[in-house]
Amino acid sequence: MRRSLVEAKRHSAHRPVGVELVRQLYGTLIDADANSAMMVTTSNFTSGAKIFQQRHKYKLALKDYANVVQWINGFSGKNEHSFR
């Protein structure tokens, strides 16, 4: 059976998600014996979080505000607009 984990963080634009939270999600991924995990945020990620993700890029994905807006716009077929 394939298992994917998703964790969402609602942070303000000036409060990026740090490496500690990304490491916690990766630990949960391993503990749950899941195939992949994704962290999604309304903010962005610190450089440390991005570096950690790159070491585990086949199991761990990071999606920031811009990625979420792009996904929503693609899904709805509408032109780009702001959700803030």
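Up top you'll find the structure we're talking about.
What you see is a predicted model, and the numbers here were worked out from it, not measured in a lab.

1. Regarding the environment of Asn 44
Thought 1: Along the chain, Asn 44 falls in the loop between strand 2 (36-41) and helix 2 (47-55).
Thought 2: A residue is classified by how much of its surface remains accessible, and Asn 44, at 32% relative accessible area, is partly exposed.
Thought 3: Each C-alpha atom of the pair Asn 44 and His 14 lies 8.5 Å from the other, and the pair is 30 residues apart in sequence.
Thought 4: Apart from residues no more than four positions distant in its own chain, Asn 44 is found in contact with Ala 13, Pro 16, Val 17 and Asp 64.

2. Quick look at helix 1 (residues 19-31)
Thought 1: Taking 1.5 Å of rise per residue, 13 residues should cover 18 Å, and helix 1 covers 18 Å from first to last C-alpha, within 8% of that figure.
Thought 2: Looking one or two residues beyond helix 1, the residue adopting positive phi is Asp 33, at roughly 55°.

3. A look at the environment of Thr 28
Thought 1: Mapping Thr 28 onto the fold places it in helix 1.
Thought 2: Accessibility expressed as a relative area gives 42% for Thr 28, which makes it partly exposed.
Thought 3: On a C-alpha basis, the gap between Thr 28 and Val 17 in space is 17 Å, while along the polypeptide they are 11 residues apart.

Reading guide: rules and limits
- Residues take numbers from 1 onward in each chain, read along the sequence in its written order.
- Confidence filtering applies because this is a predicted model: local features only for residues at pLDDT of at least 70, side-chain atom pairs given and counted only at 80 or more, and all residues used for totals across whole chains, interfaces and linings.
- For the side-chain quantities, the full set of heavy atoms in the structure was used; hydrogens and water were omitted.
- Put simply, DSSP H or I for four residues or longer makes a helix, DSSP E for two residues or longer makes a strand, and each gets a number counted from the N terminus.
- Relative accessibility thresholds used throughout: buried, under 20% of the residue-type maximum; exposed, over 50%; partly exposed, between the two (1.4 Å probe, protein chains only).
- Any two residues whose heavy atoms approach within 4.5 Å are treated as being in contact.
- To estimate how far a helix should extend, the number of its residues minus one is multiplied by 1.5 Å.

Everything listed here is a matter of geometry and, on its own, says nothing about what the molecule does.
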